[in-house]
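Commentary on secondary and tertiary structure
Next come the chains, spelled out residue by residue.
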Amino acid sequence: MKLIDGNAIAEQIRKEIAAEAASIIDKGLPAPHLAAILVGNDPASMTYVANKEKDCKACGFISSIYRLDEKTTEKSILELVDFLNNDHEVDGFIVQLPLPAHIRVNKVIENISPAKDVDGFHPVNLGRMMINIPSYLPATPYGIVELIRRYGIETEGQHCVVIGRSNIVGTPVSVLLSRNTNPGNCTVTLCHSRTQHLKEICLQADILIAAIGKKWFVTADMVKQDAVVIDVGMHRIESAESKSGFRLTGDVKFDEVSKKCSYITPVPGGVGPMTRIGLLTNTLKAAKKEIYT
Ligand code: NAP
């Protein structure tokens, strides 16, 4: 079994991005600029946005954060989105999700200019991804495919089973791996909570991607010998061994599944660090006007 080291690959790509940003700045051009809209005080969202700011700094990007009150109206958010769409100093921006219940998430996403939608959630970017023309890819699916690419894992003709059909992970990764690309050309089965005979389907997987949001859901009896297992899940559990009293774990029962597979992503240190890289990659593309000229 080989461990897929997301931290190491993420660090490698981070250096590549920083070098590109430095060469942009050397030419006298402005540094890539990512903005984030943060609504309310959700601790997880605040941590994610702080990490995005840290990542920007590490790569020589500019970052700005727009903080809005929990009770902000949808109209105010849409006005800020419109402002950022027209701010020539900002290359791309994100609206940190989840948003408070009184805000229509899709309405907000649809109002982001596709050219600045570095989360890759706008229907135009998702549509371009579907028909395999350049687009900003959602960060987690990008991260999964990039790990597969950089580890040289064969995907052509392989049966890939994805468990979970969310708009941000399961559905887009199933599209990416079924496209006529490399990595890609898989035969993909997309499973969800209404799927029947899930275990039997999983046992057919050469590549099994778990994006369910249920701790230790995938057990060894669901995994074919020598399969590649990608664990997207992220759960905080109590741990006496860590200083904080918590540690992260995934959707896969790592101890038993790792004994059966050819490759596996650990949690933490697998898909998570690559998700952070996805946003930087898109911001760099936005600054270079690589997709929308
Ligand atoms: P989500 O929106 O909650 O979607 C979960 C999916 O799993 C749904 O499609 C659901 O089916 C399916 N599902 C639930 N129970 C199932 C069951 N018993 N059998 C088969 N399918 C089942 O979750 P998400 O946003 O995609 O995230 C999934 C996990 O990845 C979470 O743990 C999240 O924290 C983690 N995550 C990690 C990263 C990272 O960077 N590592 C990024 C994003 C998410 P239905 O559609 O039928 O409800």
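Residues numbered from 1 in each chain as written. Predicted model: local features only at pLDDT ≥ 70, side-chain atom pairs only at ≥ 80, totals over all residues. Heavy atoms only, no water.

**A word on the overall build of the chain**
- If you tally the helices and strands in the chain, you get ten helices and eleven strands.
- A compact globule built from 293 residues would reach a C-alpha radius of gyration of about 19 Å, and the chain, at 19 Å, matches this within 12%.
- Along the longest, intermediate and shortest principal axes, the C-alpha atoms of the chain span 50 × 40 × 40 Å.
- Put simply, the chain has 293 residues, and 51% of those count as buried.
- Counted over contacts in the chain with a minimum sequence separation of 6, partners at least 24 positions apart contribute 69%.
- As displayed, the chain has an accessible area near 14400 Å², and 53% of this comes from carbon and sulfur atoms.
- Side-chain charges in the chain split into 33 positive and 33 negative, and the spacing between the mean points of these groups amounts to 2 Å. (Helix = DSSP H or I, 4+ residues; strand = E, 2+ residues; numbered from the N terminus. Rg over C-alpha atoms; globule rule 2.2 N^0.38 Å. Buried < 20%, exposed > 50% of the residue type's maximum accessible area, 1.4 Å probe, protein only. Contact = heavy atoms within 4.5 Å. Areas by Shrake-Rupley, 256 points an atom, 1.4 Å probe, with all protein chains shown as cover. Lys, Arg positive; Asp, Glu negative; His and termini not counted. Charge placed at Lys NZ, Arg CZ, Asp CG, Glu CD.)

**Side note on helix H3 (residues 74–86)**
- With 13 residues, H3 should reach 18 Å at 1.5 Å per residue; the first-to-last C-alpha distance of 19 Å fits that figure.
- Where H3 is buried, its residues touch strand E2 (33–39), strand E3 (62–68), strand E4 (92–95) and helix H4 (105–111). (Expected span 1.5 Å × (residues − 1).)

**Let's talk about the environment of Ala220**
- Among the structural elements, Ala220 can be located in the loop between strand E7 (207–210) and strand E8 (228–231).
- The class for Ala220 is buried, based on a relative accessible area of 16%.
- In sequence terms Ala220 and Cys261 are 41 residues apart; their C-alpha atoms lie 9.2 Å from each other.
- Leaving out residues up to four positions away in the same chain, Ala220 has contacts with Glu256, Val257 and Lys260.

**What about a nonpolar patch on the surface?**
- There is a patch of nonpolar side chains on the surface, built from Tyr48, Met234 and Leu248 and spanning about 270 Å² of accessible area.
- Relative to the helices and strands, Tyr48 resides in helix H2 (residues 43–59). (Patch = residues over 30% accessible without salt bridge, like charges linked within 9 Å, V, L, I, M, F, W, Y side chains within 5 Å. Salt bridge = Lys/Arg side-chain N within 4 Å of Asp/Glu carboxyl O.)

**With respect to the packing of aromatic side chains**
- Using the criterion set out here, one finds two aromatic pairs in the structure.
- Measuring from centroid to centroid gives 5.9 Å for Tyr136 and Tyr292, while their planes differ by 45°, and the two rings are tilted. Note that Tyr136 is positioned in the loop between helix H5 (123–130) and helix H6 (139–150) and Tyr292 in the segment after helix H10 (271–287), a separation of 156 residues in sequence. Of the two residues, Tyr136 and Tyr292, both sit in the buried class.
- Arranged with centres 6.3 Å apart and planes meeting at 80°, the rings of Tyr151 and Tyr263 form a pair that is edge-to-face. Remark: Tyr263 occurs in strand E11 (residues 263–264) and Tyr151 occurs in the loop between H6 and strand E5 (159–163); sequence separation between them is 112 residues.
- We classify Tyr151 as partly exposed; its relative accessible area is 24%.
- Using a relative accessible area of 16% as the deciding quantity, one classes Tyr263 as buried.
- One Lys or Arg, Lys215, reaches over the ring of Trp216 and ends 4.7 Å from the middle of that ring.
- Across the ring face of Phe246, the terminal group of Arg236 is positioned such that the distance to the ring centre comes to 3.9 Å. (Phe/Tyr/Trp six-rings, centres within 6.5 Å; stacked < 30°, edge-to-face > 60°. Lys NZ or Arg CZ within 6 Å of the ring centre and 35° of its normal.)

**Quick look at the nonpolar core**
- With 50 residues, the main nonpolar core has Ile17, Phe61, Ile144, Leu177, Ile209, Ile230 and Val232 as its most contacted residues.
- Looking at this core, the element that brings in the most residues is H10, giving seven residues.
- The residues contacting Leu177, other than those within four sequence positions of it, are Val145, Ile148, Thr155, Cys160, Pro183, Gly184, Asn185, Cys186, Val188 and Ile209. (Core = buried A, V, L, I, M, F, W, Y, C linked by side-chain atoms within 4.5 Å.)

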